[in-house]
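# Structural overview for review
Here are the chains, one letter per residue:
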Amino acid sequence: MAKVVVAGKANCPYYAKAELLADYLQANLPNFRVHKITQHPDKWEHYYGITSRMLSEEMLSIAEENLQEYIEVEKEEEETKNLIKPLQIWITGASTPICYHLIPLLANGEVFGMTTEISIHLLDTDQSKEVLCGIVMEAEDMALPLLRSISEHTEINEAFIQADVVIVLDDVLLNCKVQSRENYIREVSEICQVYAPLIEKNAKSEVRVISSGKTFVNLKALMIMTYGPSIKPKNVIAVATTWESATKATLARKLNTNVAGVKNVIVWGNITGSNYIDLSHAKLYGYDSAIWGPADFSRPLLSMIYDREWIHSELQSAQSSLSSQLCCYGGMLPAHSVATVLRYWYHGSPPKEIVSVGIRTEGQFCVPEGIVFSMPVRFQNGNWEVMTEFKINKKTREVLGCLAHELIQEKLVALKEIQEMQPYGGDKITG
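Residues numbered from 1 in each chain as written. Predicted model: local features only at pLDDT ≥ 70, side-chain atom pairs only at ≥ 80, totals over all residues. Heavy atoms only, no water.

### A short note on the sheet that holds strand β9 (residues 262–263)
- Pairing is antiparallel across the open sheet formed by three strands, whose spatial order is β9-β12-β13. The open sheet has two free edges, formed respectively by β9 and β13 (298–300), since each of these has just one partner strand.
- Taken together, the three bridges between strand β12 (residues 283–285) and β13 define a ladder with antiparallel strand orientation. Across the sheet, Leu 284 pairs through a bridge with Arg 299, a residue of β13. (Pairing = 2+ DSSP bridges. Helix = DSSP H or I, 4+ residues; strand = E, 2+ residues; numbered from the N terminus.)

### Focus on a negative patch on the surface
- Residues Glu 64, Glu 65, Glu 69, Glu 72 and Glu 76 make up a contiguous surface patch of negative charge.
- Structurally, Glu 72 can be placed in helix α2 (residues 57–84). (Patch = residues over 30% accessible without salt bridge, like charges linked within 9 Å, V, L, I, M, F, W, Y side chains within 5 Å. Areas by Shrake-Rupley, 256 points an atom, 1.4 Å probe, with all protein chains shown as cover. Salt bridge = Lys/Arg side-chain N within 4 Å of Asp/Glu carboxyl O. Lys, Arg positive; Asp, Glu negative; His and termini not counted. Charge placed at Lys NZ, Arg CZ, Asp CG, Glu CD.)

### A few points about the pairing of strand β14 (residues 355–360)
- In terms of burial, β14 is a largely internal element, five of the six residues being buried.
- Note: strand β8 (residues 236–239) against β14, two bridges, orientation antiparallel. Looking at β14, one finds that Ala 238 is bridged to Gly 358.
- Bridge analysis of β14 against strand β15 (residues 372–380) gives six bridges, and the strand direction is antiparallel. From the neighbouring strand, Ser 356 faces β15, where its bridge partner is Pro 376. (Buried < 20%, exposed > 50% of the residue type's maximum accessible area, 1.4 Å probe, protein only.)

### Observations concerning helix α7 (residues 241–255)
- Taking 1.5 Å of rise per residue, 15 residues should cover 21 Å, and α7 covers 21 Å from first to last C-alpha, within 8% of that figure.
- In terms of residue burial, α7 counts as a mostly covered element, since eleven of its 15 residues are buried.
- When we look at burial in α7, the residues that qualify are Thr 241, Thr 242, Trp 243, Glu 244, Ala 246, Thr 247, Lys 248, Thr 250, Leu 251, Ala 252 and Leu 255.
- Just past α7, the residue Asn 256 takes up positive phi, approximately 55 degrees. (Expected span 1.5 Å × (residues − 1).)

### Digging into the environment of Leu 255
- Locating Leu 255 in the fold gives a position in helix α7.
- Along the chain, Leu 255 and Leu 301 lie 46 residues apart, while their C-alpha atoms are 9.5 Å from each other.
- Ignoring anything within four residues of it in the chain, the contact list for Leu 255 reads Leu 284, Tyr 287, Leu 301, Met 304 and Ile 305. (Contact = heavy atoms within 4.5 Å.)

### Some details on the pattern of salt bridges
- Scanning the entire structure with this criterion turns up ten salt bridges.
- Sharing partners across several salt bridges, the network here consists of Arg 378, Glu 385 and Glu 389.

### Regarding the pairing of strand β4 (residues 118–123)
- In terms of burial, β4 is a largely internal element, six of the six residues being buried.
- Pairing geometry for strand β3 (residues 87–92) and β4, over six bridges, is parallel. Each bridged residue has a counterpart across the sheet, and for Gln 88 the counterpart in β4 is Ser 119.
- At this point the chain moves from β3, through helix α3 (residues 97–106), to the parallel β4, and the crossover so formed is right-handed.
- Pairing geometry for β4 and strand β5 (residues 147–153), over six bridges, is parallel. Of the residues in β5, the one forming a bridge with Ser 119 is Ser 149. (Right-handed = clockwise from strand over helix to strand, strands pointing away.)

### Focus on the nonpolar core
- Counting 57 residues, the largest nonpolar core has Ile 91, Leu 106 and Leu 122 as its most contacted members.
- Take this core: its biggest share by element is seven residues, from helix α10 (residues 332–347).
- Among all residues touching Leu 122, those that are not within four sequence positions of it are Ile 91, Ala 94, Cys 99, Ile 103, Leu 132, Ile 135, Val 136, Ile 150, Ser 151, Glu 152 and His 153.
- Cys 192, Ile 224, Leu 255 and Leu 279 belong to the second-largest nonpolar core, a separate cluster that totals 55 residues. (Core = buried A, V, L, I, M, F, W, Y, C linked by side-chain atoms within 4.5 Å.)

### Focus: the packing of aromatic side chains
- Going through the model one piece at a time under the given rule, you end up with six aromatic pairs.
- An angle of 85 degrees between the planes, with centres 5.0 Å apart, marks the rings of Phe 112 and Tyr 346 as edge-to-face. You can see Phe 112 sitting in the loop between α3 and β4 and its partner Tyr 346 sitting in helix α10, a full 234 residues away along the chain.
- We classify Phe 112 as buried; its relative accessible area is 5%.
- Ring geometry for Tyr 344 versus Phe 379: centroids 6.4 Å apart, planes at 40 degrees, classification tilted. Placement of the pair is Tyr 344 in helix α10 and Phe 379 in strand β15, with a sequence separation of 35 residues. There is no split in this pair, since Tyr 344 and Phe 379 are both buried.
- Here the aromatic residues Trp 90, Phe 160 and Tyr 195 are joined through ring pairs into a cluster of three or more.
- The side chain of Arg 208 reaches across the aromatic face of Tyr 346, ending 4.2 Å from its centre.
- Geometry around Trp 384 places Lys 234 over its ring, the cationic atom sitting 3.7 Å from the centre. (Phe/Tyr/Trp six-rings, centres within 6.5 Å; stacked < 30°, edge-to-face > 60°. Lys NZ or Arg CZ within 6 Å of the ring centre and 35° of its normal.)

Spelled out as structure tokens, the structure:
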């Protein structure tokens, strides 16, 4: 029996011609078999310098069909792999209400895809074990079709095994009458000094880390990068969409319009500290006014708020009270914000829309390098990029400088306090 291997680029007309000949021989010779190896054009480097003028329409058509079939087969295989090997999602501080609301959002298919199964691992202190077990039982009872498994963990040496995504929700309960802000910063740094080396050691090399919660969101992201130097900085972000969503709702109530029509609100600075809500690029879609247009027609939001005093007084006052309200929310809003950012990270953010995210700075918008600072980004192709095309005026630049100073001071305190600490030596997470 004769066996021939035919290999080549999926879109190559010469490969198509060889494939036709091999198919003909296999159909007419009983002892002739052909094995085809089709490669994507980007993966095929060999061509052996052979050229031909036999570029018939039939060959070109077969080549195009081969490429399309290859792409479809690759997609099916990738989906099958995702089913066989579910994404490993680790959530720290998992006894918080945020986690409780987050689990069904992660497992409904909208975040990672309708064919991607996930395994969720809940990590918290030993004192929270009973709460974690209750969350696990309730999640299992929901019979979510994409939730392959869910488990609770309190042993620190088990943390982040094969993690694809790590969601850091740990918070400290701020009460400056009890202890100083510096002590709270030290507490946050202690937590991250435990987590970061374990993420380096146990998680996958392309692990994505999201910092969220109600306190020190920027600092947690920065400390993860500081004490996990092999974790790619582009893979660590802090969630600011909680502020975005709440501000959009406030504006929609003022304008008596649908909150979904308010776009491009920018959150600058320290997400759970001093931040600046920038409306200079905000747009309003579907607003009921004398001027109408197609679905993609928008109006500058500031031009639609005729009460300028409201912007400078009441809106700022509302933002101040919002900070304390966010700390009292049960967790539905921040959970939705985490799920939204993850969905954008995996599938891209809406075209032409701004998303505010805390990222490690590299001098964008004249903000000093080396701090985690919330600024406008876009997500596409599994990555994000800062929207540096935006212009900021002198006043905004001065505000950003003040916000950066606060974050620099947090960083300095955290690094100083950590240097005075002894390495962590236990095998459990302590509260």
